[in-house]
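An overview of the molecular structure
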Amino acid sequence: DEDYGDGQQNELLENCPFFRNEIGGEEEREVSLTRMASSTTSSSSSGAGGAGQQRRAIHRPALAYGVSVLECGANDTLWKGYTCPYQKGPRPIEQIDNGALYYRQYFFGQEHQNWFGMDEHLGPVAISIKREKLNPAPGDQYLYRLIVRTSELLTLRGSVIEDSIPNARGAGKHANTKEILEYVAPEVQIGCLRLAVGTPQCEQQLLKLDEQGLTNKYKVGILYCRAGQSSEEDMYNNEEAGPAFNEFLDTIGRRVRLKGFEHYKAGLDNKTDSTGTHSLYATHQDCEIMFHVSTMLPFTPNNRQQLLRKRHIGNDIVTIVFQEPGALPFTPKNIRSQFQHVFVIVRAVNPCSEHTQYRVAVSRSKDVPVFGPPVRAGSHYPRGKQFGEFLLSKVINAENAAHRSVKFAMMAIRTRQEYLKDLATNYSTAQVVETGQRFSIFPSKKRERPTKPRFSGDLSQRGAFCWQVVLHDSGQSTQVDCFLGISAETFVLIEECTRQIIFVTPCRAILGWSTSQNALRVYYHQGECVTLNMRDTGDRDEQLEVIERLRAVTNGCGALELSLRRNPMGQLGFHVQPDGVVTQVEISGQAWAAGLRQGYRLVEICKVAVATLSHDQMVDLLKTSAQVTVTVIESFADFTPRRGCTLQNC
């Protein structure tokens, strides 16, 4: 297939077929009704490069970084520190599957069952089931934790309350394995499953299978490009580093003596100096990074290929290309390697001065998904610790993203299949899943269809309940099929087609909600809102289930709609802050009579979301509308307003 690149280029980086470039100013995805969404839409439509370009990459929301497992203990929290969606500063590492530790945390060394088999359609499967008591919970309530593993890299992990499993024997009776699996994983052929052996070796194999993709060790190449250079050969043949390059290296890591080095060495020789005497090493957010620096690897005179250097850098997934001022724009076309998937270009500006800055651009293979943190518009970063942390996050996230590309995913799937086949072949007993009583042509009574118990969204279930919804994406003016998850701490929307988080907020940031037929609008932070429609067409009222869950895990409440009349002077009789909080209501005035009180928060005025309005626009709408209707979130009982942000000057 022909591919012409994405048309994005600048002084650092040329457009390249089969690669996608990030040159700065690419936006984060915004699906809410908010002032940020309108500015994002206008800037993306007029993005650098003009007509004929593909749409610029859109990054995940800031709060989505580091969100992986939605369940935590009753005395723990997933949301440490500030939770403002507009906060600036360091972000957690992207796309680490902490759910891979689910077996280690909840099953390993504890009483549970494992079932292995060869499914005709799914291939080898491995299922783990554990029953545990809900604590605290009224009465004797239990839940089942499950892990369903197939050859696909998406593993089903989660829990289900025992009383919610359809049970032909009636409420309060234990569900059997067959009923649990039919409810949670109906696509699995239960007849193929065999009980696993209960040995430590079996559990160790499951740990290896689940955690095969986890790493905190990264190797990154660094090429040195002098003024006037751009070719791979020129960069490999720069024998020694110049002052600007040394200044850059000291910004992102520390030089270490390789002989006797005991930390991650990324294939470098720590005994005989055969790969150089020193290298560059860094740690960042519990990750180790060893750099393969071209000028620190052995130089071979009279050999332009410099194989001793290329043997390491050419096999690194991520490569930093450092450019001195005056270097020619980089293009991946000049690199002869099948393994280098991401190039992070860093150009020095005013190097070796008090005003040293760096410009950054990124070129990634088109199969590698976009990754953060975003390169800011203009992309000038002052030399210092903040820039070093940004760049380390960028290269770590780059490698994590590359492992989600098709090439690496296929390799991981093959490895996973071998693990699963080994479990089914060598760690299974002959015991099959009990299927209950045998079928009789003379039944004693008509078998009743199991009835589904009433939904209960209380806090005893700290993991996320999940619904299929349609999101009204305000940023892109479209509708998106999503999974909605609400745990004890987190409200999250995952785009169905990409499996990526496109919205997330702590439950404590939710102010309230309103409904209109099948639509549900959830207000958070300072009145920003997301609008959803439930997709279920069955006999359950899923909208009521979502509201019940929101009541249990947030401090929010249902919104009120008030119709306000003006007094003879045309006034409504209340004062409002820029964030929509009502500060004063004239007693016995028209607004008071309609039910408005101090501490209430306006979230809509005449069906227009307050979060999309400036203070002047809000006041103008209140003054000029002939008929004023407002949607409000009530205050707490002491008249203090509900707040979704803890920052003083948000």
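A quick note: this is a predicted structure, and the numbers were derived from the prediction, not measured. (Residues numbered from 1 in each chain as written. Predicted model: local features only at pLDDT ≥ 70, side-chain atom pairs only at ≥ 80, totals over all residues. Heavy atoms only, no water.)

**So, the sheet that holds strand S4 (residues 142–149)**
Condition: Note on pairing: two strands pair once DSSP finds at least 2 bridges between them. Counting from the N terminus, the helices are DSSP H or I runs at least four residues long and the strands are E runs at least two residues long. Fitting a line to C-alpha atoms yields each axis, with helices limited to the stretch in contact; the angle taken between N-to-C directions then spans 0 to 180 degrees. Whether two residues are in contact is decided by their heavy atoms: any pair within 4.5 Å suffices.
Taken in spatial order, the six strands of this open sheet run S5-S4-S3-S2-S6-S15, and their pairing is antiparallel. Both outer strands of the open sheet, strand S5 (156–161) and strand S15 (428–432), are each paired with one neighbouring strand and no more. Each adjacent strand pair in this sheet contributes to an overall mean axis angle of 30°, direction not counted. Pairing of strand S3 (residues 123–133) with S4, which is carried by eight bridges, proceeds in the antiparallel orientation. Residue Ile127 lies in a different strand from S4, and its bridge partner there is Val148. Along the sheet face, helix H4 (residues 200–210) touches strand S2 (113–119), S3, S4 and strand S6 (194–196) and points at about 65° away from the line of S4. Of the strands in this sheet, S2, S3, S4 and S15 touch helix H9 (residues 406–426), which is tilted by about 70° from S3.

**Brief notes about H9**
Where we set the bar: Here, expected helix span is obtained from the residue count minus one, scaled by 1.5 Å. Exposure is judged per residue with a 1.4 Å probe applied to protein chains only, and the accessible area is read against the type maximum: over 50% gives exposed, under 20% gives buried, and values in between give partly exposed. The directions considered for the arc run from the helix axis to the C-beta atoms.
Here H9 contains 21 residues, and its C-alpha end-to-end distance of 30 Å stays within 8% of the 30 Å for a straight helix at 1.5 Å per residue. Looking only at H9, the buried set comprises Phe408, Ala409, Ile413, Arg416, Leu420, Leu423 and Ala424. End-on view of H9: buried residues confined to an arc of 135°, all on one side of the axis. Across from the buried face of H9, at angles greater than 90 degrees, the exposed residues are Thr425 and Asn426. Structurally, H9 contributes buried residues whose contacts are with S2, S3, S4, H4, helix H8 (385–402) and S15.

**So, the pattern of salt bridges**
Pairing between side chains becomes possible if they bear opposite charge and their charged atoms approach one another. The following threshold applies: Definition used for salt bridges: Asp or Glu carboxyl oxygen within 4 Å of a side-chain nitrogen of Lys or Arg.
With the rule as written, the count across this model stands at 29 salt bridges. With its nearest N and O atoms 3.1 Å apart, the salt bridge here joins Arg255 to Asp250. A salt bridge links Glu604 to Arg521; the nearest nitrogen and oxygen atoms lie 2.9 Å apart. Of this pair, Glu604 sits in strand S27 (residues 601–605) while Arg521 sits in strand S21 (residues 519–524), and the two are 83 residues apart along the sequence. Each member of the pair, Glu604 as well as Arg521, carries the same accessibility label: buried. Counted as one network, the salt bridges with shared partners bring together Glu71, Lys130, Glu132 and Arg145.

**Considerations on the packing of aromatic side chains**
Worth spelling out the cut-off: Centres within 6.5 Å make a pair out of two Phe, Tyr or Trp rings, where for Trp the six-membered ring is used; the pair is then stacked when the planes are under 30 degrees apart, edge-to-face when over 60, and tilted otherwise. Working rule: Lys NZ or Arg CZ, within 6 Å of ring centre, within 35 degrees of ring normal, means a charge sits over the ring.
One pass over the full model with this rule turns up 18 aromatic pairs. Here the aromatic rings of Phe261 and Tyr281 are separated by 5.1 Å at their centres, their planes lie at 70°, and the arrangement is edge-to-face. In this pair, Phe261 sits in the loop between strand S8 (254–257) and strand S9 (278–284) while Tyr281 sits in strand S9, placing the two residues 20 residues apart along the sequence. Assigned by exposure class, Phe261 and Tyr281 land together as buried. Among the aromatic residues, those joined into a ring-pair cluster are Tyr224, Phe245, Phe248, Phe322, Tyr358, Tyr381, Phe387 and Phe390. Taking NZ or CZ as reference, Arg145 lies 3.8 Å from the ring centre of Tyr106, over its face. When the ring centre of Trp592 is taken as origin, the NZ or CZ atom of Arg597, which lies over that ring, is 3.7 Å away.

**Examining the sheet that holds strand S20 (residues 510–516)**
Pairing in this open sheet of eight strands is mixed, and the strands run S19-S18-S17-S16-S22-S21-S20-S23 from one edge to the other. At either margin of the open sheet sits one strand with a lone partner, and together these are strand S19 (501–506) and strand S23 (557–558). Bridging between S20 and S23 involves two bridges; their strand directions are parallel. Its bridge partner lying in S23, Gly512 is registered against Cys557.

**Points about the pairing of strand S12 (residues 342–349)**
It is a general feature of regular strands that their side chains alternate between the two faces of the sheet. The buried fraction of S12 amounts to seven of the eight residues, a majority that puts the element mostly inside the structure. Across six bridges, the pairing between strand S11 (residues 318–323) and S12 is parallel. In the strand pairing of S12, Thr319 is matched with Phe343.

**Considerations on the packing of helix H6 (residues 243–252) against H8**
Basically, it comes down to this: Convention used here: angles under 35 degrees read as roughly parallel, angles over 145 as roughly antiparallel, angles from 65 to 115 as roughly perpendicular, and any remaining angle as oblique. All residues other than Ala, Val, Leu, Ile, Met, Phe, Trp, Tyr, Cys, Pro, Asp, Glu, Lys and Arg, Gly among them, are scored as polar; the first ten of these are nonpolar and the last four charged.
The geometry of H6 relative to H8 is characterised by a closest axis approach of 8 Å and an angle of 80° between their N-to-C directions. As judged from the angle between their axes, H6 and H8 are roughly perpendicular. Of the residues in H8, those touching H6 at Phe248, Thr251 and Ile252 are Phe387, Gly388, Leu391 and Leu392. Partitioned by chemical class, the residues of the contact of H6 with H8 number five nonpolar, two polar and no charged.

**Section: the nonpolar core**
Inclusion rule: Think of a nonpolar core as a cluster: buried Ala, Val, Leu, Ile, Met, Phe, Trp, Tyr and Cys residues, connected wherever their side-chain atoms sit within 4.5 Å.
By size, the foremost hydrophobic cluster in this structure holds 42 residues, and its most contacted members are Phe248, Phe291, Ile320 and Val344. Of all elements in the fold, only strand S7 (217–225), H6, S9, strand S10 (287–293), S11, S12, strand S13 (357–365) and H8 reach the threshold of two or more residues within this core. At nine residues, the largest contribution of residues to this core is made by H8. Counting residues in hydrophobic clusters, the runner-up holds 27 residues, among them Phe503, Trp513, Met534 and Val553.

**What about the environment of Gln189?**
Quick note on the threshold: N or O atoms within 3.5 Å of each other form a polar contact, as long as, within protein, one can give a hydrogen and the other can take it, and as long as residues adjacent in sequence are counted only when both atoms are side-chain atoms.
Here Gln189 shows up in the loop between helix H3 (177–184) and S6. On the basis of relative accessibility, which here comes to 26%, the residue Gln189 falls in the partly exposed class. Leaving out residues up to four positions away in the same chain, Gln189 has contacts with Asp119, Glu120 and His121. Only 3.1 Å separates the side chain of Gln189 from the backbone nitrogen of Glu120, close enough to count as a polar contact.

**Concerning the UniProt feature "domain: PDZ" (unreviewed entry) in the protein chain**
Put simply, the test is: UniProt positions are given in the numbering used here, feature names are shortened, and annotations may be inferred rather than shown by experiment.
According to UniProt, the feature "domain: PDZ" (unreviewed entry) maps to residues 561–637 in the numbering used here. Its end C-alpha atoms 19 Å apart, residues 561–637 is made of 19% helix and 31% strand.

**A short note on the packing of H4 against H9**
Rule in force here: It is the rotation of the near helix from the far one that decides the hand of a crossing: anticlockwise by less than a right angle makes it left-handed, clockwise makes it right-handed.
The geometry of H4 relative to H9 is characterised by a closest axis approach of 10 Å and an angle of 165° between their N-to-C directions. As the angle between them shows, H4 and H9 are arranged roughly antiparallel. At the point where H4 passes H9, the crossing takes the left-handed sense. Note on element contacts: H9 touches H4 through Arg416, Tyr419, Leu420, Asp422 and Leu423, opposite Cys202, Gln205, Leu206, Lys208 and Leu209. A class-by-class count of the residues in the contact of H4 with H9 yields six nonpolar, one polar and three charged.

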